[in-house]
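Coordinate inspection notes
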Amino acid sequence: MKTVLVTGGAGFIGSAVCRHLVGDLGLKVVNVDKLTYAANLASLAPIEGNPLYTFEKADICDGVALKRIFEAHRPDAVMHLAAESHVDRSITGAADFIETNITGSFRLLEAARGYRDSLPGSQADAFRYLHVSTDEVYGSLGADGLFSEETAYDPSSPYSASKAASDHLATAWHRTYGLPVVISNCSNNYGPYHFPEKLIPLVILNALEGKELPIYGTGANIRDWLYVEDHARALHTILTRGRLGEKYNVGGRNEHTNLDVVRRICETLDRLAPRDHAHADLITFVADRPGHDARYAIDATKLENELGWRAQETFETGLEKTVRWYLDNEAWWRPLREKTYGGERLGLLKA
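A brief report on the enclosed structure follows. (Residues numbered from 1 in each chain as written. Predicted model: local features only at pLDDT ≥ 70, side-chain atom pairs only at ≥ 80, totals over all residues. Heavy atoms only, no water.)

Turning our eyes to something else, we now look at the pattern of salt bridges. Applying the stated criterion across every chain yields a total of 22 salt bridges. Glu255 is the salt-bridge partner of Arg295, the closest N and O atoms lying 2.8 Å from each other. Linking Arg295 in the loop between β12 (283-286) and α10 (301-307) with Glu255 in strand β11 (residues 255-257), this pair joins segments that are 40 residues apart in sequence. We note a salt bridge from Arg324 to Glu320, for which the minimum N-O separation is 3.1 Å. On the criterion of helical spacing, the pair formed by Arg324 and Glu320 is a turn pair, its members being four residues apart in helix α11 (residues 315-328). (Salt bridge = Lys/Arg side-chain N within 4 Å of Asp/Glu carboxyl O. Helix = DSSP H or I, 4+ residues; strand = E, 2+ residues; numbered from the N terminus.)

So, in structure tokens, the structure goes:
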């Protein structure tokens, strides 16, 4: 495998994947991204100018553009990460999620199928397609249990419902057309270059600016946290070694309530960027969002035992690295806070 087409490569997880493939593994990468609000080419600065990296601005809903890109770059594999991904935005703007996550995934599957059918036998046999998804398709857990690859889908939000639909499309294109698909479902990611609408970067930046740290409901909702660079390594492992037609759950085995996460960020900032008062003084509880799942927890045993992947970062080491990165990279996040998203509440339904 020499050339990988990555969709959504200017996003948070996608940019980590591109940096890993080019910077660590020396693979050619074609980054296909529409450059929506959450995309940021500055996240690719470490590989910008590298002859192994190419950027193509295109919408995955544009089948003509996708056909051109496949024919021009002749990839050996696809890693499909392009998606609208913020639950809060899906609550008040579901249409974009249906269009990108469902229609866009369909267009990409069809483009990949047509391209693979044009390849000679050995190249067609070697072609791979990784569909990257989320644990949110499984719905909400109670106090016990873990999501496995056999857990029934039970999505709660327009976002998770659109991702569930795209997972089913990927499976259908494998079973019906023989497209060599593998699917991954990951837990909550965190780390450098994370757009500041999500919990961890939002809390870090609000705290640095002395603003309130909003926590939905009582903060008792539990998530399994995965450092984004560990996820990037997992995705390459699944792409290259995963069994076709199979699903692999990717998790960090780091379950924490939202309140605990915010408190840990505050404690880290108290050490690294002390202020007159403890950062935890800024914590504020706000109205919960509609359809807020209680708990997610991933069983990554299949990935760990079958493919040998292990998360390298604990939540403690990963969070320390993340906070330090935001402290050291104001030039990356400041324009986003001033021009794109300033931290306002999203996802509230009108009375």
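After that view, the rundown keeps rolling.
Below, the discussion takes up the nonpolar core. In terms of nonpolar packing, the biggest core is built from 35 residues, with Val6, Val17 and Met79 touching the most fellow members. Elements represented by at least two residues in this core include exactly β1 (3-7), α1 (12-24), β4 (77-80), β5 (128-134), β6 (181-186), α8 (228-241), β10 (247-250) and α10. The leading source of residues in this core is α1, at seven residues. Ignoring sequence-local partners within four residues, the contact set of Met79 consists of Val4, Leu5, Val6, Thr7, Val17, Leu21, Leu130, Leu235, His236 and Leu239. In terms of nonpolar packing, the next biggest core, distinct from the first, is built from 31 residues, Ile265, Leu282, Ile283 and Tyr341 among them. (Core = buried A, V, L, I, M, F, W, Y, C linked by side-chain atoms within 4.5 Å. Buried < 20%, exposed > 50% of the residue type's maximum accessible area, 1.4 Å probe, protein only. Contact = heavy atoms within 4.5 Å.)

Here we take up the side chain of Asn254. Within the secondary structure, Asn254 is located in the loop between β10 and β11. Residue class for Asn254 comes out buried when judged on its relative accessible area of 11%. A polar contact of 2.9 Å, which involves the side chain of Asn254, links it to the backbone oxygen of Gly252. Those residues within four positions of Asn254 in sequence are excluded, and the remaining contacts are Arg223, Asp224, Trp225, Glu313, Thr314 and Phe315. (Polar contact = N/O pair within 3.5 Å; in protein donor to acceptor, adjacent residues only side chain to side chain.)

Right, let's talk about unusual backbone geometry for a bit. The phi dihedral of Tyr193 is positive, around 65°, even though this residue is not glycine. If you trace the backbone, Tyr193 turns up in the loop between β7 (188-190) and α7 (199-208). Tyr193 gets classed as buried once you look at its relative accessible area, which sits at 14%. Even without glycine at this site, Arg253 takes up a positive phi of about 55°. Judged by relative accessible area, Arg253 falls into the partly exposed class, the value being 43%.

The next point concerns the packing of α1 against α8. Axes are the key here: two packed helices are described by the angle between their axes and the distance separating the axes. Close contact between α1 and α8 brings their axes to 9 Å; oriented N to C, the two are set at 65°. The two elements α1 and α8 cross, and the hand of that crossing is right-handed. From α1, Phe12, Ile13, Ala16, Val17, His20 and Leu21 reach across to α8, where they touch Val228, His231, Ala232, Arg233, Leu235 and His236. When its residues are assigned to classes, the contact of α1 with α8 shows eight nonpolar, three polar and one charged. (Axes fitted to C-alpha atoms, helices over the stretch in contact; angles between N-to-C directions. Left-handed = near helix turned anticlockwise from the far one by under 90°. Nonpolar A, V, L, I, M, F, W, Y, C, P; charged D, E, K, R; others polar.)

Buried within helix α12 (residues 330-340) are the following residues: Trp332, Trp333, Leu336 and Arg337. All buried residues of α12 fall inside an arc of 115° around its axis, so they share one side. Structural note: α12 exposes Ala331, Glu338 and Lys339 on the side pointing more than 90 degrees away from its buried face. In the core, the buried residues of α12 are packed alongside α7 and α11. (Arc of directions from axis to C-beta.)

The next subject is the sheet that holds β7. Spatially, β7-β9-β11 is the arrangement adopted by the three strands of the open sheet, whose pairing is mixed. Looking along the sheet, the strands with just one partner apiece sit at the ends: β7 and β11. Neighbour-to-neighbour, the strand axes of this sheet turn through a mean angle of 50°, independent of strand direction. Alignment of β7 against strand β9 (residues 222-227), held across three bridges, turns out to be parallel. From the neighbouring strand, Asn189 faces β9, where its bridge partner is Leu226. (Pairing = 2+ DSSP bridges.)

Take the packing of aromatic side chains next. Geometry of an aromatic ring pair is reported as the spacing of the ring centres plus the angle between the planes. In the structure shown here, the tally under the stated rule is 19 aromatic pairs. Look at Phe70 and Tyr115: their rings are 5.2 Å apart centre to centre, the planes differ by 35°, and that puts the pair in the tilted class. With Phe70 in helix α2 (residues 63-73) and Tyr115 in helix α4 (residues 94-117), the pair connects residues that are 45 residues apart, well separated along the chain. Judged by relative accessible area, Tyr115 falls into the buried class, the value being 5%. Site record: aromatic cluster; members linked through ring pairs are Tyr138, Phe147, Tyr153 and Tyr296. Positioned above the aromatic ring of Tyr37, the side-chain terminus of Arg89 is 4.0 Å from the ring centre. (Phe/Tyr/Trp six-rings, centres within 6.5 Å; stacked < 30°, edge-to-face > 60°. Lys NZ or Arg CZ within 6 Å of the ring centre and 35° of its normal.)

This paragraph deals with α2. Within α2 the residues assigned to the buried category are Ala65, Leu66, Ile69 and Phe70. Looking down the long axis of α2, one finds its buried residues gathered within 135° of arc, a one-sided arrangement. For α2, the exposed residues lying more than 90 degrees away from the buried face are Val64, Lys67 and Ala72. Lining the buried residues of α2 we find β1, β2 (28-33), β3 (53-57), β4 and α4. Between a side-chain oxygen at the N-terminus of α2 and the backbone nitrogen of Val64 the separation is 3.2 Å; the capping residue is Asp62. Among the residues trailing α2, Arg74 stands out with phi positive, at a value near 50°.

One open sheet holds the seven strands; their spatial order is β3-β2-β1-β4-β5-β6-β10, and the pairing between them is parallel. Every other strand in the sheet has two partners, leaving β3 and β10 as the edge strands with one partner each. The average angle at which neighbouring strand axes cross in this sheet is 20°, direction not considered. Lying on the sheet, helix α6 (residues 158-177) is in contact with β5 and β6; it crosses β5 at an angle near 155°.

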